[in-house]
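A closer look at the structure
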Amino acid sequence: MSRLISENVHVIENDLEAIHAAYHVADFALEGRNDRDQQRLLPFAEIDLFSQKGLGGIRIPKQYGGAFVSNKTLAHVFRILNKADSSVGQIPQNQIALLNMIQIMGTDQQKQFIYSEILQGKRLANGGPERHTKDSKTLNTRLTIENGHSFVEGEKFYSTGSSFADWLAIKAIHPEGHVVLTIVNAQAEGVNVINNWNGFGQRTTSSGTVKLNHVEVDPLLIFDERLLSNQPNYRGAYSQLLQVAIDVGIAEAAFADTVTAVQKARPIVDAQVEKASFEHYTLQEVGKSAVLLDAAISLLDEAAEYLDKLDQLKSVTAEQAAKASILVAEAKIYANDAALHISEKLLELGGSRSSLSQHNLDQHWRNARVHTLHDPVRWKLHALGDYYLNHKLPARHAWI
């Protein structure tokens, strides 16, 4: 497993630098994307470059040495990365969301340590939800305290990016019954990261298993998650903004490949045209896809701009936090539909040759279908209806 030398890590200072860095990583990631996807090769070099370019710390507050780029820039960065390779683009999103949680509930000492690690090129991944519980919030993982030392014990699944991580964020039940977030050294004794993710899409995200066998935790790196509920915040909308950007990036990649595929396809004989790009029904479908994609991008930008307004406030009301979730939910619905629709139409409009394995054009649909399962839009639509009809504020968690 490769590790960066901290002296080689660039610290991004502004939004423009972040966008330029994202394009550099995206260009590199695109080169080997198809081989990695088809052979399930993990993108170690690509994730190293992401960290080396300083993208892991772009939302760290300025007082801790970060650029604290706008949410709109953050969304753009993730669109760029996910258009190139949506596995590479999904891997760091947990780190960005976790750093935001630490900003809400961490002490100054905790923030100083974690943010410093990230700015030196270290990586933080999520030891995710557990596989055999009744829902994604229920935990069996436990924190125990023995002779003044803290230990975690349990097993996590959907641990995206765990193979690349220096630190793992592990949720556990405290002896007093509440949930804590523990930050565990990925190289600590008792940690076993297993790359057993075998989903048909997002194949190289390392979203498999993390086993924790009596792993000691530094007390400094234990966070009380009850602090997330002390006052209204928009961490759910912030986390979801990244998921929207992932889906939009996939849709953009699928649309670009649609244009190329149609230009190479043969027209159907009944159309009586020289090129497939002249077919009337094809023109109509590509036009529909373009409008759907543009709408998804616009809604993503609108939601990000609202979060930027909230960033300027010392505190937010429950109504403002709810509006953030609603705007991001609307963007998520269009991004979901754009990613799935365009990636499916790519195969239809590209003709039979688009199904050949050497082109790997099915990856966009596979990636979109798997990623959109993360937070299904049927519940986004439910939240929207309840909000507009009954003035009910949406639930406050990472999925809305």
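Note that this is a predicted model, so its numbers are computed, not measured. (Residues numbered from 1 in each chain as written. Predicted model: local features only at pLDDT ≥ 70, side-chain atom pairs only at ≥ 80, totals over all residues. Heavy atoms only, no water.)

**A few points about the packing of helix H6 (residues 93-105) against helix H7 (residues 108-119)**
Here is the rule we go by: Throughout, an axis means a line fitted to C-alpha atoms (over the contacting stretch in the case of helices), and angles, computed between N-to-C directions, take values from 0 to 180 degrees. Under the scheme used here, helices are H or I runs from DSSP no shorter than 4 residues and strands are E runs no shorter than 2 residues, and both carry numbers assigned from the N terminus. Geometric relationships in this document are graded by angle, where less than 35 degrees denotes roughly parallel, more than 145 denotes roughly antiparallel, 65 to 115 denotes roughly perpendicular, and other angles denote oblique. Take the far helix as the reference: if the near one is turned anticlockwise from it by less than a right angle, the crossing is left-handed, and if turned clockwise, right-handed. Here a residue-residue contact requires only that any non-hydrogen atoms of the pair lie within 4.5 Å. Polar here means any residue other than Ala, Val, Leu, Ile, Met, Phe, Trp, Tyr, Cys and Pro, which are nonpolar, and Asp, Glu, Lys and Arg, which are charged; Gly is therefore polar.
Between H6 and H7, the least distance of the axes is 10 Å, while the angle of their chain directions is 160 degrees. It follows from the interaxial angle that H6 and H7 lie roughly antiparallel. For H6 against H7, the interelement crossing comes out left-handed. Contacts between H6 and H7 involve Gln 95, Leu 99, Ile 102, Gln 103 and Met 105 from the first element and Gln 110, Lys 111, Ile 114, Tyr 115 and Ile 118 from the second. Looking at the contact of H6 with H7 residue by residue, the classes come out as six nonpolar, three polar and one charged.

**Focus on the environment of Arg 79**
By the element assignment, Arg 79 lies in helix H4 (residues 71-84). Between the C-alpha atom of Arg 79 and that of Ala 245, which follows or precedes it by 166 residues, the distance is 5.1 Å.

**A closer look at the side chain of Gln 110**
How we decide: Definition of a polar contact: a pair of N or O atoms within 3.5 Å, with one able to donate and the other able to accept a hydrogen when the atoms are protein atoms, and with sequence-neighbouring residues admitted only if both atoms are side-chain atoms.
Tracing the backbone shows Gln 110 in helix H7. Among the polar contacts made by the side chain of Gln 110, one reaches the main-chain carbonyl oxygen of Leu 220 at a distance of 2.8 Å. Every residue in contact with Gln 110, bar those within four places of it in the chain, is listed here: Met 105, Leu 220, Ile 222 and Phe 223.

**Some words on the packing of H6 against helix H8 (residues 235-264)**
Viewed as axis vectors pointing N to C, H6 and H8 meet at an angle of 165 degrees, and their least axial separation amounts to 10 Å. In this view, H6 runs roughly antiparallel relative to H8, as classed from their interaxial angle. Classified by chirality, the crossing of H8 by H6 is right-handed. Across the interface between the two elements, Gln 93, Ile 96, Ala 97, Asn 100, Met 101 and Ile 104 from H6 touch Arg 235, Tyr 238, Ser 239, Leu 242, Gln 243 and Ile 246 from H8.

**Description of unusual backbone geometry**
So the rule is basically this: Exposure categories follow from relative accessible area, calculated using a 1.4 Å probe and restricted to protein chains: below 20% of the type maximum is buried, above 50% is exposed, and the middle band is partly exposed.
Non-glycine residue Arg 40 carries a positive phi angle of around 55 degrees. As for its placement among the helices and strands, Arg 40 is situated in the loop between helix H2 (33-39) and helix H3 (44-52). Here His 391, not a glycine, exhibits a phi torsion of approximately 55 degrees, which is positive. Since its relative accessible area comes to 64%, His 391 is described here as exposed.

**Points about the side chain of Gln 95**
Of note, Gln 95 is situated in helix H6. According to the relative accessible area criterion, Gln 95 is buried, its value standing at 4%. In this structure the side chain of Gln 95 is engaged in a polar contact, spanning 3.1 Å, whose partner is the backbone oxygen of Gly 56. When sequence neighbours within four positions are dropped, the list of residues in contact with Gln 95 reads Gly 56, Ile 118, Lys 122, Arg 123 and Leu 124.

**Focus: the confidence of the model for the protein**
For residues with low pLDDT, the predicted coordinates do not support detailed interpretation. Quick note on the threshold: Residue-level confidence of the predictor is summarised by pLDDT, bounded by 0 at the bottom and 100 at the top.
Averaged over the protein, the pLDDT score is 95; the fraction of residues at 70 or greater is 98%. The low-confidence segment residues 1-5, where pLDDT is below 50, has 18 contacts with residues more than four positions distant or belonging to other chains.

**Quick notes on the nonpolar core**
Most often, soluble globular proteins have nonpolar side chains that are buried together. In plain terms, the rule: Here, nonpolar core means buried Ala, Val, Leu, Ile, Met, Phe, Trp, Tyr and Cys residues that are tied together by side-chain atoms lying within 4.5 Å of each other.
Ranked by internal contacts, the top residues of the largest apolar core, which has 58 residues, are Leu 55, Ile 58, Leu 74, Val 77 and Leu 241. For this core, the elements supplying multiple residues, two or more each, are helix H1 (15-31), H3, H4, H6, H8, helix H9 (280-311) and helix H10 (318-350). Residues in contact with Leu 241, not counting those within four places in the same chain, are Asn 71, Ala 75, Leu 300, Ala 303, Ala 304, Leu 307 and Val 328. Within the second largest apolar cluster, 19 residues are counted, among which are Tyr 64, Met 105, Leu 124 and Trp 167.

**Observations concerning the pairing of strand E2 (residues 142-146)**
On a regular strand, each side chain points to the face opposite its neighbour's, so the side chains alternate between the two faces of the sheet. Keep this limit in mind: A pair of strands counts as paired when DSSP detects no fewer than two bridges linking them.
Bridging between E2 and strand E3 (residues 149-156) involves five bridges; their strand directions are antiparallel. In the sheet register, Leu 143 faces E3, and the bridge partner there is Val 152.

**Here's the deal with H8**
An α-helical turn contains 3.6 residues, so any two residues separated by three or four positions project in the same direction. The following threshold applies: Any helix carries an expected span of 1.5 Å times its number of residues minus one.
The end-to-end C-alpha distance of H8 is 44 Å, a good match for the 44 Å that 30 residues give at a rise of 1.5 Å each. Most of H8 sits out of view: 24 of its 30 residues are buried.

**Some points on the environment of Ser 136**
Inspection of the secondary structure puts Ser 136 in the loop between strand E1 (124-127) and E2. Along the chain, Ser 136 and Met 101 lie 35 residues apart, while their C-alpha atoms are 18 Å from each other.

**Some details on the pattern of salt bridges**
In plain terms, the rule: In the sections that follow, a salt bridge refers to a side-chain nitrogen of Lys or Arg positioned within 4 Å of a carboxyl oxygen of Asp or Glu.
All chains considered together, the criterion is met by 17 salt bridges. One salt bridge connects Lys 332 with Asp 247, and the closest N-O pair in it is separated by 2.6 Å. Of this pair, Lys 332 sits in helix H10 while Asp 247 is found in helix H8, placing the two residues 85 residues apart along the sequence. Comparing Lys 332 with Asp 247, the two get one shared label, buried. With a closest N to O distance of 2.7 Å, Asp 362 and Arg 366 form a salt bridge. Residue classification places Asp 362 among the partly exposed positions, given a relative accessible area of 29%. Connected through salt bridges with shared partners, the residues Asp 37, Arg 203, Asp 362 and Arg 366 form a single ionic network.

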